[in-house]
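Structural features, examined
Spelled out, the chains give:
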Amino acid sequence: MSGYFVTLEGGEGAGKSSILQSLEIKLKSLGYDVLTTREPGGIEIAEKIRKIILDPAHTAMDGRTEALLYAAARRQHLVEKVLPALEKDKIVLCDRFVDSSLAYQGFARGLGMDDVFAINQFAIQDCMPDLTLFFDIEPKKGLERIATNKDRERNRLDLEDIQFHEQVYEAYKKLKARFPERIQVINADQPFEQVEEDTINQTVSHLENRA
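**Regarding the pattern of salt bridges**
Per the stated rule, a full pass over the model turns up 15 salt bridges. Notably, a salt bridge pairs Asp-33 with Lys-90, separated by 3.1 Å at the nearest N-O pair. One end of the pair, Asp-33, is in the loop between α1 (16-29) and β2 (34-38); the other, Lys-90, is in the loop between α3 (63-87) and β3 (91-95), and 57 residues separate them in sequence. Residue Glu-66 is joined to Arg-156 by a salt bridge in which the shortest nitrogen-to-oxygen separation is 2.5 Å. You can see Glu-66 sitting in helix α3 and its partner Arg-156 sitting in the loop between α6 (139-147) and α7 (162-178), a full 90 residues away along the chain. The exposure class assigned to Glu-66 is buried, which follows from its relative accessible area of 1%. Within this structure, Glu-66, Arg-109, Arg-156 and Glu-160 form a network of salt bridges that share partners.

Below is the structure:
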């Protein structure tokens, strides 16, 4: 496989989805063949699973059910969209991937990061990102951002209390320590233009230095 797989991670309101668009435009201007996508979703089947997972009405959903649905959506998205793009030497930019499941379901839901990783290893086999950008912002500030963003999709995770989001944040810190070479931190508590610049510089640097 000759492409390059870049994932963007972070808690609610970190701004990664907005930055993704700027990153795509910049990389294309530099001559890279880029595909952008998201999780859960990206393709028809996974988008249908996304609606089930994130529907605010589904408050009765069990944590293990949630983890399994994410893994199922991830598998279909991977084989149908991500892997074919990587095989064509594309740069794939994905809004969330396996680290989200480890943080949200594995740690914040208390299912165990190793157990959730095992589920996802079955789904993704050996396809891990080449680079993961963690958009670092304190949960309280991130939630304040989305509270004032009328255009943002409201979902079931927005119903969780601040303690849940703090657990997600702590989980990402643990993942950074676990995968120090793959996961790079972007200070998301800055003006948009600075976050945008830092993200582009970090990504381009990795692309230029890749073997």
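**Re the packing of aromatic side chains**
On inspection of all chains with the given rule, the structure shows five aromatic pairs. Relative to Phe-179, the ring of Phe-117 lies with its centre 6.4 Å away and its plane at 70 degrees, an arrangement referred to as edge-to-face. Of this pair, Phe-117 sits in helix α5 (residues 113-124) while Phe-179 sits in the loop between α7 and β5 (183-187); the two residues are 62 residues apart in sequence, bridging distant segments of the chain. The pair Phe-117 / Phe-179 is uniform in exposure class, with both members buried. Residues Phe-134 and Tyr-169 carry aromatic rings whose centres are separated by 6.5 Å and whose planes lie at 45 degrees to one another, so their mutual orientation is tilted. Here Tyr-169 lies in helix α7 and Phe-134 lies in strand β4 (residues 131-136), a separation of 35 residues in the sequence. Taken together, the aromatic side chains of Phe-134, Tyr-169 and Tyr-172 make up a single cluster linked through ring pairs. We note Arg-74 situated over the ring of Phe-97; from NZ or CZ to the ring centre the distance is 5.5 Å. A cation sits over an aromatic face here: Arg-182 above Phe-179, 4.6 Å from the ring centre.

**A closer look at the sheet that holds β5**
Taken in spatial order, the five strands line up as β2-β3-β1-β4-β5 in an open sheet, and their pairing is parallel. If you trace the sheet from one side to the other, it starts and ends with β2 and β5, each paired once. Sheet twist, expressed as the average angle between the axes of neighbouring strands with direction ignored, equals 20 degrees. The pairing of strand β1 (residues 4-10) with β3 spans five bridges and is classified as parallel. Of the residues in β3, the one forming a bridge with Leu-8 is Asp-95. Where helix α8 (residues 192-209) meets the sheet, it contacts β1, β3, β4 and β5, and its direction lies at approximately 155 degrees from that of β5.

**Section: the layout of surface pockets**
The volume enclosed by the largest pocket comes to roughly 790 Å³. Surrounding the largest pocket, 35 residues form its lining, Gly-13, Lys-16, Ser-17, Asp-95 and Arg-152 being those nearest its centre. Of all the elements in the fold, those that place two or more residues in the lining of the largest pocket are α1, α2 (44-54), α3, α4 (98-108), α6 and α8. Among the elements that take part in the lining of the largest pocket, α1 stands out by supplying five residues, more than any other. Tallied by class, residues from the lining of the largest pocket come to 13 nonpolar, eleven polar and eleven charged.

**Remarks on the environment of Ile-45**
Mapped onto the fold, Ile-45 is located in helix α2. Overall, the relative accessible area of 45% leaves Ile-45 in the partly exposed class. Each C-alpha atom, one on Ile-45 and one on Ala-73, is 7.3 Å from the other, the two residues being 28 residues apart in sequence.

**Let's talk about empty space enclosed by the protein**
In total, this model carries one cavity of 30 Å³ or more according to the counting rule given. For the largest cavity, the calculated volume is near 90 Å³. Taken together, the elements giving at least two residues each to the lining of the largest cavity come down to α6 and α7. Considering each element in turn, the lining of the largest cavity owes the most residues, four residues, to α7. Taken together, the residues of the lining of the largest cavity sort by class into six nonpolar, three polar and two charged.

The rules we used
- Residues numbered from 1 in each chain as written.
- Predicted model: local features only at pLDDT ≥ 70, side-chain atom pairs only at ≥ 80, totals over all residues.
- Heavy atoms only, no water.
- Salt bridge = Lys/Arg side-chain N within 4 Å of Asp/Glu carboxyl O.
- Helix = DSSP H or I, 4+ residues; strand = E, 2+ residues; numbered from the N terminus.
- Buried < 20%, exposed > 50% of the residue type's maximum accessible area, 1.4 Å probe, protein only.
- Phe/Tyr/Trp six-rings, centres within 6.5 Å; stacked < 30°, edge-to-face > 60°.
- Lys NZ or Arg CZ within 6 Å of the ring centre and 35° of its normal.
- Pairing = 2+ DSSP bridges.
- Axes fitted to C-alpha atoms, helices over the stretch in contact; angles between N-to-C directions.
- Contact = heavy atoms within 4.5 Å.
- 1 Å grid on protein atoms, 1.4 Å probe; cavity = no way out; pocket = protein on both sides within 12 Å on 5 of 7 lines; lining within 4 Å.
- Points joined across faces, edges and corners; volume = space filled by probe spheres on them.
- Nonpolar A, V, L, I, M, F, W, Y, C, P; charged D, E, K, R; others polar.

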